[in-house]
Amino acid sequence: MARYKPVDTQPEFVAIDLAAQLLPGTFEHALHHLLEQAIDLTPFDARYRNDTTGAPAYAPGMLLRVVLSAYSRGIISSRAIARACEEQVTFIALSGDSRPHFTTIAHFVSTLGDQIAPIFAAVLAVCDRQGLIGREMFAIDGVKLPSNASKHRSGTRADFERQATKMERAADAMLARHRAEDARDVEPSLAAKDAVRRERLVRDAAELRTWLTQHPTDRRGARGAVRKSNRTDNESAKMATSKGVIQGYTGVATVDAAHQIIVDAQAHGVGAEQELLLGVIAATAPLRTIDTLITADAGYHSEANLCALAEAEVPALIADGNMRKRDTRFATQERYTTLPNPLHDKSRPMKKTAVVFGPEDFRYDPVARTCICPAGKSLNRRGAANVTGGHVGEHFQGAPRDCGPCPLRAQCLRTPGTTPVRNVAFFRDRVGRDVNYSALMRDRIDAPTGRAQYARRFATVEPVFANLRANKRLDRFTLRGRAKVDTQWKLYCLVHNIEKLANNGYAA
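Everything numeric in this text was worked out from a predicted model, so none of it was measured. (Residues numbered from 1 in each chain as written. Predicted model: local features only at pLDDT ≥ 70, side-chain atom pairs only at ≥ 80, totals over all residues. Heavy atoms only, no water.)

Quick word on the overall build of the protein chain
Along the backbone of the protein chain there are 16 helices and 15 strands. By residue count, 41% of the 508 residues in the protein chain fall in the buried class. (Helix = DSSP H or I, 4+ residues; strand = E, 2+ residues; numbered from the N terminus. Buried < 20%, exposed > 50% of the residue type's maximum accessible area, 1.4 Å probe, protein only.)

Let's talk about the pairing of strand β6 (residues 237-241)
Side-chain alternation along β6 places A237, M239 and T241 on a buried face and K238 and A240 on a face that remains uncovered. In this sheet, strand β7 (residues 244-256) lies alongside β6 in antiparallel orientation, the contact comprising 5 bridges. Of the residues in β7, the one forming a bridge with A237 is G248. Counting the residues between successive antiparallel strands, the hairpin from β6 to β7 contains 2 residues. (Pairing = 2+ DSSP bridges.)

A word on the packing of aromatic side chains
The relative placement of two aromatic rings is captured by the distance of their centres and the angle of their planes. Inspection of the entire model under this criterion finds 8 aromatic pairs. The rings of Y364, F396 and F426 are connected pair by pair, giving a single aromatic cluster. Here R79 stacks its cationic end above the ring of F102, 4.0 Å away from the centre of that ring. In this arrangement the basic side chain of R457 is found over the ring face of F458, its NZ or CZ atom lying 5.8 Å from the centre. (Phe/Tyr/Trp six-rings, centres within 6.5 Å; stacked < 30°, edge-to-face > 60°. Lys NZ or Arg CZ within 6 Å of the ring centre and 35° of its normal.)

Description of the environment of R422
Looking at where R422 falls in the secondary structure, it is placed in the loop between α13 (409-412) and β15 (423-430). As a C-alpha pair, R422 and Q397 span 25 residues in sequence and 5.9 Å in three-dimensional space. Reaching out from R422, the side chain makes a polar contact with the backbone oxygen of F357 at a distance of 3.0 Å. (Polar contact = N/O pair within 3.5 Å; in protein donor to acceptor, adjacent residues only side chain to side chain.)

Thoughts on the nonpolar core
Counting 94 residues, the largest nonpolar core has Y71, I140, I262, I318, W489 and L491 as its most contacted members. Per-element accounting of this core gives the leading share, 10 residues, to helix α16 (residues 482-503). Core analysis: the next-biggest nonpolar cluster, separate from the first, contains 10 residues, M167, A171, L208 and L212 among them. (Core = buried A, V, L, I, M, F, W, Y, C linked by side-chain atoms within 4.5 Å.)

Quick word on the packing of helix α2 (residues 60-72) against α16
Between α2 and α16, whose axes approach to 9 Å, the crossing angle comes to 80 degrees. The angle between α2 and α16 falls in the class roughly perpendicular. Contacts between α2 and α16 involve L64, V67, L68, Y71 and S72 from the former and Q488, L491, Y492, L494, V495, I498 and E499 from the latter. Residue classes in the contact of α2 with α16 are distributed as 9 nonpolar, 2 polar and 1 charged. (Axes fitted to C-alpha atoms, helices over the stretch in contact; angles between N-to-C directions. Parallel < 35°, antiparallel > 145°, perpendicular 65-115°, else oblique. Contact = heavy atoms within 4.5 Å. Nonpolar A, V, L, I, M, F, W, Y, C, P; charged D, E, K, R; others polar.)

Here's the deal with the pairing of β7
Looking along a regular strand, one sees side chains alternate from face to face of the sheet. Judged by how many residues are buried, β7 sits mostly within the fold: 12 of 13 residues are covered. Taken together, the 9 bridges between strand β1 (residues 137-146) and β7 define a ladder with antiparallel strand orientation. Opposite D141, over in β7, you have A253 as the bridge partner. Two strands pair when backbone bridges link them, and β7 and strand β8 (residues 262-268) are joined in this way by 6 bridges, in the antiparallel orientation. Following the sheet pairing, G251 is matched in β8 by A267.

Some remarks on the packing of α2 against helix α5 (residues 102-110)
Taken N-terminus to C-terminus, the directions of α2 and α5 make an angle of 90 degrees; their axes are 11 Å apart at the nearest point. Overall, the two elements α2 and α5 adopt an arrangement that is roughly perpendicular. For the pair α2 and α5, the contacting residues are P60, L63, L64, V67 and Y71 in the first and T104, I105, F108 and V109 in the second. Grouping the amino acids of the contact of α2 with α5 by side-chain chemistry returns 8 nonpolar, 1 polar and no charged.

Concerning unusual backbone geometry
Phi is positive for R99, which is not a glycine, with a value near 50 degrees. Despite not being glycine, E313 has its phi angle at roughly 60 degrees, a positive value. For E313, the location among the structural elements is in the loop between α10 (303-311) and β10 (316-318).

Here's the deal with a nonpolar patch on the surface
On the surface, V14, I16 and V89 cluster together into a nonpolar patch covering about 250 Å² of accessible area. Its location among the elements puts I16 in the segment before α1 (27-38). Residue I16 is classed as partly exposed on the basis of its relative accessible area of 45%. (Patch = residues over 30% accessible without salt bridge, like charges linked within 9 Å, V, L, I, M, F, W, Y side chains within 5 Å. Areas by Shrake-Rupley, 256 points an atom, 1.4 Å probe, with all protein chains shown as cover. Salt bridge = Lys/Arg side-chain N within 4 Å of Asp/Glu carboxyl O.)

Notes on α16
Given a rise of 1.5 Å per residue, 22 residues ought to cover 32 Å, and the 32 Å separating the end C-alpha atoms of α16 matches this to within 8%. Along α16, 18 of the 22 residues are buried, which leaves the element largely enclosed by surrounding structure. Where α16 ends, the next residue or the one after it, G505, has phi of about 85 degrees, a positive value. (Expected span 1.5 Å × (residues − 1).)

Observations concerning the state of the cysteines
Each disulfide consists of one covalent bond between the sulfur atoms belonging to two cysteines. This model, assessed by the stated rule, comprises 0 disulfides. With no disulfide of its own, C406 lies 5.9 Å from the sulfur of C373, the closest cysteine sulfur. Accessibility expressed as a relative area gives 19% for C406, which makes it buried. (Disulfide = S-S within 2.5 Å.)

Concerning the pattern of salt bridges
Evaluated as defined, the whole model comprises 10 salt bridges. Between R99 and D97 there is a salt bridge, with the nearest N and O atoms lying 3.3 Å from each other. With a closest N to O distance of 2.7 Å, K490 and D486 form a salt bridge. Separated by 4 residues within a single helix, K490 and D486 lie in helix α16, roughly one turn from each other.

Here we look at the side chain of R288
Within the secondary structure, R288 sits in the loop between α9 (277-283) and β9 (293-296). For the buried residue R288, which engages in no salt bridge, the nearest side chain bearing the opposite charge is D264, 9.7 Å off. At 3.1 Å, the side chain of R288 and the side chain of T284 are in polar contact. (Lys, Arg positive; Asp, Glu negative; His and termini not counted.)

Some words on the side chain of T254
Relative to the helices and strands, T254 resides in strand β7. Relative accessible area serves as the criterion here: at 1%, T254 is assigned to the buried category. Residues within four places of T254 in sequence aside, it is in contact with F138, A139, I140, I261, I262, V263, D264, V280 and T284.

So far we have only geometry, and geometry alone does not tell us how the molecule works.
The following block contains the structure:
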């Protein structure tokens, strides 16, 4: 029988050169070189007051190296990071075998605040010196992630008032029942359970009243509409995603097309991405040139945004909601749509919407101001001009003699049994405005050049979010408050940029 030398996996005392564990060409080596030689960390000195008295503090550069390295491996828990500093050789080398406590790591991350922005900018400057920022095209996109907040504690002030009143009434009713039962023999266990439940109701109602006192007004959206508050994290928002409704934040990243460097990263407690576009454009202004093309998906499309971009003379391609429907390359996309709208009422069965002819199936001549239906019949124009929802256009209606016996009636009307004729409208512009920026953008993005440029956007931004979500396992934010969540989002985006530097041979 063959004999082999034994393989001993028992712990041993081995002398280790910690500096040699950071191999050139790796993420850890590039990270260590950046924070030790390329980035000024002296602003962190203001955090401490131990020049003459007090215990020595952990070096901010060491804590930052440990946190960024952990995020690059999908480790987000402070306890797990602290454990890695005790057990994994790479983390021992990065930390200099200092073994920070998990509370120290958690406090450092949650109090970084505005100090992370200069570091992010310094890394961008290094990327620029390495020739990794091309400035030809910036692609903007976002991801909605849950945060450390409960969506069941969301609502308006009126909702919370009703909940508090309901709890108080229930507690009063239980107290009245207890007093009525005092003269009777009541099973002690039931009385004790009722007492515990009443105490909980009184406590929860008092917490609600306290929260309402501390927050005297409702949150407001960009247009002044009431936005739901959250008693766990009032800066987070309830958002609809493909996986359902979450309570969290939107992480927005602007990516350069040359080497997929993230040039700007922001996190907002807003589900509507439209109101975030102009802020992102302003933040990227120092890095852009007059020819830098801005691209974004339909979530950032609005007439006001396009008007602002046009007035600022910023080249942009912002898709609209029907862009894919007009593109033959997406003709079969419906077969991959299996999930319903996450905001639909799940208590009722979903109504099936009949597929009928749309305005694009009618032949409209804006010069002759005529319209021909799919059956080849001319429709009558109603009025010189029609205004609907602030949009001006032309309204056409079929004749009963044509629509009644039409063989395409079932395909043209949603309710052919009750609707006599077909109506169709074609809108041109808004009232009181000479330029329709949505129409101009639609023509530009539908042109062959526009489609080619917008297709490049997918290859620019989608791999970045795939790296953050899949490789780095970023599936949630662990902090509360927009400032802290924004810090955590920037840290993850920093990891991505430093990886790009390492992969391009920085400090190798």
